[in-house]
Amino acid sequence: MSSSDIDWELEEGIPQVDDPFIQQYLKGRTSLVLEEQKQRYDTNLRKTLSPVAAKAYKIVSTIRARDLTNLGLNERDPRQLNSAARMGRLSYLDRNEVQKTELWKILQKMPKGSLLHAHMETMFDIDFVIEEAFRTAGIHIYAPKPLATQRDHEEGIFYFRYSPPLLNLQNEPTLWDPGYKPSSLISLQKAASSFPNGGEAGFRDWLKKRCIFASDLSYDAHGPDDMSNAYRALSSVVNSLLSYEPIFRSCLRWLFSQLVADGISYVELRNSFTFPYRRDGSATPEEDYSAWCSAFQEELQRFRSTEEGKALYGARIIWTASRTLSNRELSGSMIDCILAKQDFPEVICGFDVTGQGDDARSLVDLVPILFWFRKQCAEEGVDIPFFFHVGENLGDGKQTEHDLFDAVLLGTRRLGPGESLYKHPLLLELIKEKKILVECCPIAKDITRRTDFTQLNPLSVLLSRGVPVSLSGYPADLSEHGLNRLTFEFWQALQGPDDLELPGLAMMVENSIRWSCYVDQPAVEWLSDIREGILGEGIKATRLRDWYASFEKFCEWIAQEFAEADTSSF
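Note that the structure is a prediction, hence the values are computed from the model and not measured. (Residues numbered from 1 in each chain as written. Predicted model: local features only at pLDDT ≥ 70, side-chain atom pairs only at ≥ 80, totals over all residues. Heavy atoms only, no water.)

(A) View of the overall build of the chain. Along its length, the chain carries 24 helices and eleven strands. Considering the chain as a whole, with its 570 residues, one finds that 54% of them fall into the buried category. Carbon and sulfur atoms form 50% of the exposed surface of the chain, whose accessible area is close to 25300 Å². (Helix = DSSP H or I, 4+ residues; strand = E, 2+ residues; numbered from the N terminus. Buried < 20%, exposed > 50% of the residue type's maximum accessible area, 1.4 Å probe, protein only. Areas by Shrake-Rupley, 256 points an atom, 1.4 Å probe, with all protein chains shown as cover.)

Laid out in structure tokens, this is it:
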């Protein structure tokens, strides 16, 4: 300020910064800011950062800003997009473009702890699944009605099933013929070669498109019910293939390898047991899912016995039933879940009811059958906790928001995605009090394409309220790009508007470990381990110590690999 301006201020009686009462105001202001900062979700972690971790965090911040500028997304650069436009574009960045950034290279190597919200049918590279179907002998396709018109090709329901070769069917109408007999089996090879739009090559392209949720489907044009019903049909196609042992086993091997490559050390997979399971070479379906659990356990043990598999602590299943089922149908699924838990207690770790759409039931409507399930578990001597998928923003309806209340009252140990939680301050406090983890996705690009950062970002609210959060790649879309989903979620979270930095990501990874269901625990022991964290004596404390050792090595690698960014004036 020039001397003439100072003279003018003094003459007018304007207080100066060094005046005692102004200094007192600034001191109070600083205290207020520091007091709020103490309540940050990552405060304690920041206090304990080692020198090398603190250095890595500064390097990552520099690289983040540089990448944003290179992508035309740095809102601090006046030449770039404003915040809303930047976040809108960030929601739809091409994955190949993202994978060229330095930040992607860093986050791909970051040890990510546990993936706690993953729907099994969405976890596979669809090209791999299709190839496995063609490589596996005896795979047939069937449908409840002919797929004879263009609309049938786009919307018609169909499934896969194993069967030995069927005789005397060479001249039978194929799936694409109006004379096709509903639900009759057609060999995959015959169906592919007779596909009317390009033979086998055209069939493969058609099948791939039907197994990937179309990115151009509009939530505004179709509405939540149509979108959810469409997804349910698509996921059923993949689930029908996974119900045959050879394909199931090969897909598990692929999945476990991809998890390790993405830096994930533990996973809890939601699986909807909607199709009967068939063993290798058997046309007769199993009466229950013990053989399914046995195959899952065997493949996991086999993978973990390899050098590559040493990085994977384990994988467990959250048994998932559809909200579209009647109580009679749900009770059958629940009994199957209890039987599987009794035979393979290490495989089954929880229970959930999922599904949206015009015929999906609210959680309050399911309360009686859920209480019945709890009673059956107690009588059979098993403990199967709830992990509810609730809180999606699916339009103006209140059902999903009210489901949050029931999830908390029913004692869920975690919930996700919880996108509508920000509307419920009381629930936010209850979730913190009851130590419930929210499995969150920073930018939802799922079947409704309903969320981007041009609107309210739920992650921002949860973090600002001190709610425990972990990052998950839960969006319900079948990716043609393969897994790599959690790295992508980490990348998007770090590029978001929350000033989220490496310590913030580390805190959410720590949460994923603290809330993992590595072993069965009664509620009291579960809560005790969560509260004690790394200071405890159980398996979670051990896993946390292992992760922090890995994170320190990761930070050392950043400091060495990107040393130039530490001195960058960017």
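(B) Highlighting the pairing of strand 2 (residues 139-142). Side chains Ile139 and Ile141 project from strand 2 onto one buried face, and the interleaved His140 and Tyr142 project onto a second face that is buried too. For strand 2 and strand 3 (residues 159-162), the ladder comprises four bridges, and the chain directions are antiparallel. Considered in strand 3, the bridge of Ile139 is made with Tyr162. Relative to strand 4 (residues 186-187), strand 2 runs antiparallel, the two sharing two bridges. Each residue of the ladder has a partner; that of His140, found in strand 4, is Ser187. (Pairing = 2+ DSSP bridges.)

(C) Broad picture of the sheet that holds strand 4. Strand order in the open sheet formed by three strands is 3-2-4, with antiparallel pairing between adjacent strands. At either margin of the open sheet sits one strand with a lone partner, and together these are strand 3 and strand 4.

(D) View of the pattern of salt bridges. In total, this model carries 26 salt bridges according to the counting rule given. Among the salt bridges present, the one from Lys145 reaches Asp152, with a minimum N-O distance of 3.7 Å. Lys145 gets classed as partly exposed once you look at its relative accessible area, which sits at 46%. When the shortest N-O distance is used, the salt bridge between Arg414 and Glu439 registers 2.4 Å. Taken together, the residues span a long stretch of sequence, with Arg414 in strand 9 (residues 414-417) and Glu439 in strand 10 (residues 437-440) at a distance of 25 residues. Comparing Arg414 with Glu439, the two get one shared label, buried. What emerges from the salt-bridge pattern is a single network uniting Glu245, Arg249, Arg253, Glu298, Glu299 and Arg302. (Salt bridge = Lys/Arg side-chain N within 4 Å of Asp/Glu carboxyl O.)

(E) Examining the side chain of His140 more closely. In this fold, His140 is placed in strand 2. Among the residues examined, His140 registers a relative accessible area of 5% and is labelled buried. Only 2.8 Å separates the side chain of His140 from the backbone oxygen of Gly138, close enough to count as a polar contact. (Polar contact = N/O pair within 3.5 Å; in protein donor to acceptor, adjacent residues only side chain to side chain.)

(F) Representation of the sheet that holds strand 9 in the model. Judged by pairing direction, the sheet is parallel, and its four strands sit side by side in the order 8-9-10-11 without closing on themselves. Two strands bound the open sheet, and with one partner strand each, they are strand 8 (388-390) and strand 11 (469-471). Between one strand axis and the next, the sheet turns through 30 degrees on average, direction left out of account. Pairing geometry for strand 8 and strand 9, over three bridges, is parallel. Residue Phe388 lies in a different strand from strand 9, and its bridge partner there is Leu415. (Axes fitted to C-alpha atoms, helices over the stretch in contact; angles between N-to-C directions.)

(G) Focus on a nonpolar patch on the surface. Among the surface-exposed residues, Val17, Tyr25 and Leu26 lie close enough to one another that they form a single nonpolar patch of about 310 Å² accessible area. You can see Val17 is positioned in the loop between helix 1 (3-12) and helix 2 (20-37). (Patch = residues over 30% accessible without salt bridge, like charges linked within 9 Å, V, L, I, M, F, W, Y side chains within 5 Å.)

(H) The arrangement of the nonpolar core in detail. Among the nonpolar cores identified, the biggest contains 153 residues, and Phe296 and Phe351 are the most heavily contacted of them. The element best represented in this core is helix 13 (residues 245-261), accounting for nine residues. Split by domain, this core shows at least three residues from each of two domains, domain 1 (96-125 + 235-555) and domain 2 (137-210). Those residues in contact with Phe351 that lie beyond four places of it in its chain are Ile318, Trp319, Ala321, Met334, Cys337, Leu370, Phe373, Ile384, Pro385, Phe386 and Phe387. (Core = buried A, V, L, I, M, F, W, Y, C linked by side-chain atoms within 4.5 Å. Domains from an automatic or database assignment. Contact = heavy atoms within 4.5 Å.)

(I) Up close: the pairing of strand 7 (residues 348-354). Of all seven residues in strand 7, seven are buried; the element is thus mostly enclosed. In this sheet, strand 7 lies alongside strand 6 (residues 314-322) in parallel orientation, the contact comprising six bridges. Note that in strand 7 the partner of Ile317 across the bridge is Ile348. The β-α-β motif built from strand 6, the intervening helix 15 (residues 327-343) and the parallel element strand 7 has right-handed crossover chirality. (Right-handed = clockwise from strand over helix to strand, strands pointing away.)

(J) Geometry of unusual backbone geometry. Cis geometry marks the peptide bond from Gly416 to Pro417, where omega comes out at 5 degrees. Residue placement: Pro417 occurs in strand 9. Its identity is not glycine, yet Ser183 carries a phi of approximately 70 degrees, on the positive side. For Ser183, the position within the fold is in the loop between strand 3 and strand 4.

(K) Examining the packing of aromatic side chains more closely. Scanning the model with the defined rule gives 35 aromatic pairs in all. Between the aromatic rings of Tyr162 and Tyr244, the centroid separation amounts to 4.4 Å while the plane-to-plane angle is 5 degrees, which identifies the pairing as stacked. Taken together, the residues Tyr162 in strand 3 and Tyr244 in the loop between helix 12 (219-242) and helix 13 connect sequence positions 82 residues apart. The pair Tyr162 / Tyr244 is uniform in exposure class, with both members buried. Note on Trp176 and Phe195: the rings are 4.9 Å apart at their centroids and 80 degrees apart in plane angle, and the pair reads as edge-to-face. Taken as a pair, Trp176 in the loop between strand 3 and strand 4 and Phe195 in the loop between helix 10 (188-193) and helix 11 (199-211) lie far apart in primary sequence, 19 residues in all. Exposure class is identical for Trp176 and Phe195. Each is buried. Connected via pairs of aromatic rings, a cluster forms that spans Phe248, Phe256, Phe273, Tyr277, Tyr289, Trp292, Phe296, Phe303 and Trp319. (Phe/Tyr/Trp six-rings, centres within 6.5 Å; stacked < 30°, edge-to-face > 60°.)

(L) Spotlight on the packing of helix 7 (residues 102-109) against helix 23 (residues 539-561). Where helix 7 contacts helix 23, the two axes come as close as 10 Å, and the packing angle between them is 150 degrees. Compared by their axis directions, helix 7 and helix 23 come out roughly antiparallel. The handedness of the crossing between helix 7 and helix 23 is right-handed. Here Lys105, Ile106 and Lys109 of helix 7 lie close against helix 23, whose contacting residues are Phe554, Trp557, Ile558 and Glu561. Of the residues contributing to the contact of helix 7 with helix 23, the split by class is four nonpolar, no polar and three charged. (Parallel < 35°, antiparallel > 145°, perpendicular 65-115°, else oblique. Left-handed = near helix turned anticlockwise from the far one by under 90°. Nonpolar A, V, L, I, M, F, W, Y, C, P; charged D, E, K, R; others polar.)

(M) Region of the structure containing helix 14 (residues 290-304). For helix 14, spanning 15 residues, the distance from its first C-alpha to its last is 21 Å, which sits close to the expected 21 Å at 1.5 Å a residue. Residues of helix 14 that are buried include every one of Ser290, Ala291, Trp292, Cys293, Ala295, Phe296, Gln297, Glu299, Leu300 and Phe303, and no others. Where helix 14 is buried, its residues contact helix 13, strand 5 (264-272), strand 6, helix 15 and strand 7. (Expected span 1.5 Å × (residues − 1).)

As far as function goes, none of this settles anything; it's purely spatial.
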